[in-house]
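Descriptive structure summary
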Amino acid sequence: MVVFIGLLLVTFAVPTWAITLSQDFDSGSLDVDHSFVYGETVFLDARETWDPSYYQSKYRWVYFKASDVTGTTPLFLLNERTFFGDLTSHKFVYSYDQTNWNYFDNSSINENDTYLFNNDQPFTESEVYVAYSLPYPVSRVGAHLNDLAASPYLMSTAASRDGYVLGYGAGGVDDTGRTIPGQPVYGYKITDPTAGGDKAKVVLTGGNHSGEPLGNLVLEGMVDFLTSDDPVAVALREETEFYVYPMINADGRYAGYYRSEPERPWQDTNRAWDDPHWSTSQTVLRDAMISDTGGEVDYLIDFHQFFEPNQQTDHFYIESNDPEGLFQEALWSFESHLEEIPLIGRPGMLHYWATLAEGLSADFGVAAEFGARPGLTEADLAAYGVSYAKALYAVLVVPEPVGLIYGLAILAWIGVMRRGRKR
């Protein structure tokens, strides 16, 4: 009888359910083996997927699935000390379908430098996805191209092997022992094929750093605008060829890495454009950019994300042969809070390599950085992409009848902004 009562007490003391964690999906990232759950408290251990000495034991990208959470309000805990950045005012996001995302209600950092976050109300479904910021999986590139398939302005490039696929990454085994299949490397062109003449050339890229999905959302918004019927987009297509490489580090994104990929996990992909022979996908992309454009472009814009929520402004790094700075002046007319940061002497970075003769001989290389601020939406990020497109219109398009008034208004505003900055 005593044994029976003891077993009965144990049965009632242990929950009949238990929250489980997983990272086994496109761009998932969590050290599941070292994370654990105690009741409704979830202790998270992030993956350290890039190991130069000054980044050892550091992480940034976190994205996982929690199952059996219906009716619960779990408290998630993460070691802030090993996060490479600032979580002070940051908020994680969650979704039941990986499409519609919400921000957690509460977040704080306690006296032990542990980052805590939770919701006021219980989860309403069994599975929830949780991420550092709005994700952008590799699969979304293909889905987006399917959405654009009917556009007469979307076309393959010279380097395309299969539709918009340039080749495939090497894949490999990631730091947690998972086999990562080689992911498709995409490239395509946007222009008006009926408009002849000598056109400007612009290269647009995203996903250079695998753990920076916000840049992809900005690029997607820009592409949607460039393929739209807006008069500015119409004029841009008539005067410009846009070469788009939407997911530079597809293997790394799929594997949930921060700045590298399974083929060479210690290598920052944006420090090796001058010699990327070690990377299958990066070699495919560099060769494609040169062959597609003829090795000579006017602009390259590489969309990134940064991890300092307390920084007051988003910003962009510039490598430019344009001493007048017309592009940045045009961009400020739409996004006045952006901060320009000159960055010199980094030949392995894509926006710098693009300006070299052995690269793309670009007049202007830009690395655009966007922060994951609480409340930021996909629509907000898409609007950034539209601003970048309109800034290009202001400096590349000769105002013809459709765009004359609009173009003159932009240029007049640029003059006002420039005079204001000189005061």
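Structure report, in brief. This one's a predicted model, so the numbers in the text were calculated from it and none came from an experiment. (Residues numbered from 1 in each chain as written. Predicted model: local features only at pLDDT ≥ 70, side-chain atom pairs only at ≥ 80, totals over all residues. Heavy atoms only, no water.)

**Observations concerning the packing of helix α7 (residues 326–334) against helix α9 (residues 378–396)**
Interaxial distance between α7 and α9 falls to 8 Å at its minimum, and their mutual angle equals 135°. As far as their axial angle goes, α9 and α7 are oblique. Judged by the twist between their axes, the crossing of α7 over α9 is right-handed. The segment α7 lies against α9, with L326, F327, A330, L331 and F334 engaging S387, Y388, K390, A391, L392, A394 and V395. Residues that form the contact of α7 with α9 fall into these classes: ten nonpolar, one polar and one charged. (Axes fitted to C-alpha atoms, helices over the stretch in contact; angles between N-to-C directions. Helix = DSSP H or I, 4+ residues; strand = E, 2+ residues; numbered from the N terminus. Parallel < 35°, antiparallel > 145°, perpendicular 65-115°, else oblique. Left-handed = near helix turned anticlockwise from the far one by under 90°. Contact = heavy atoms within 4.5 Å. Nonpolar A, V, L, I, M, F, W, Y, C, P; charged D, E, K, R; others polar.)

**A closer look at unusual backbone geometry**
Of note, Q98 is a non-glycine position whose phi angle comes to about 60°, a positive value. Owing to a relative accessible area of 33%, Q98 belongs among the partly exposed residues under this scheme. In this structure, D113 is a non-glycine residue whose phi angle is positive, near 60°. Relative to the elements of secondary structure, D113 occurs in the loop between β8 (106–109) and β9 (114–118). (Buried < 20%, exposed > 50% of the residue type's maximum accessible area, 1.4 Å probe, protein only.)

**Things to note about the side chain of S22**
Secondary-structure assignment places S22 in strand β1 (residues 20–22). For S22, a relative accessible area of 18% corresponds to the buried category. Within the structure, S22 has its side chain in polar contact with the backbone nitrogen of D24 (distance 3.1 Å). Every residue in contact with S22, bar those within four places of it in the chain, is listed here: V32, F64 and K65. (Polar contact = N/O pair within 3.5 Å; in protein donor to acceptor, adjacent residues only side chain to side chain.)

**Topic: the pairing of strand β18 (residues 240–245)**
Where burial is concerned, most of β18 is hidden: six out of the six residues are buried. Every second residue of β18 is oriented toward a common face, with T240, F242 and V244 on one face and E241, Y243 and Y245 on the other, all of them buried. Bridge count between strand β16 (residues 188–190) and β18: three bridges; the pairing is antiparallel. Residue Y188 lies in a different strand from β18, and its bridge partner there is V244. (Pairing = 2+ DSSP bridges.)

**Description of the packing of aromatic side chains**
Under the criterion given, the structure shown has 35 aromatic pairs. Aromatic side chains F25 and Y129 sit 5.2 Å apart centroid to centroid with 90° between the ring planes, which places their arrangement in the edge-to-face category. Remark: Y129 occurs in strand β10 (residues 127–131) and F25 occurs in the loop between β1 and β2 (36–38); sequence separation between them is 104 residues. Just as F25 is buried, Y129 falls in that class too. For the pair Y258 and F307, a centre-to-centre distance of 6.4 Å together with 85° between the ring planes defines the contact as edge-to-face. Within this pair, whereas Y258 is found in the loop between α5 (250–255) and α6 (280–293), its partner F307 is found in the loop between β19 (299–303) and β20 (315–320), the two being separated by 49 residues in sequence. For the pair formed by Y258 and F307, the shared burial category is buried. (Phe/Tyr/Trp six-rings, centres within 6.5 Å; stacked < 30°, edge-to-face > 60°.)

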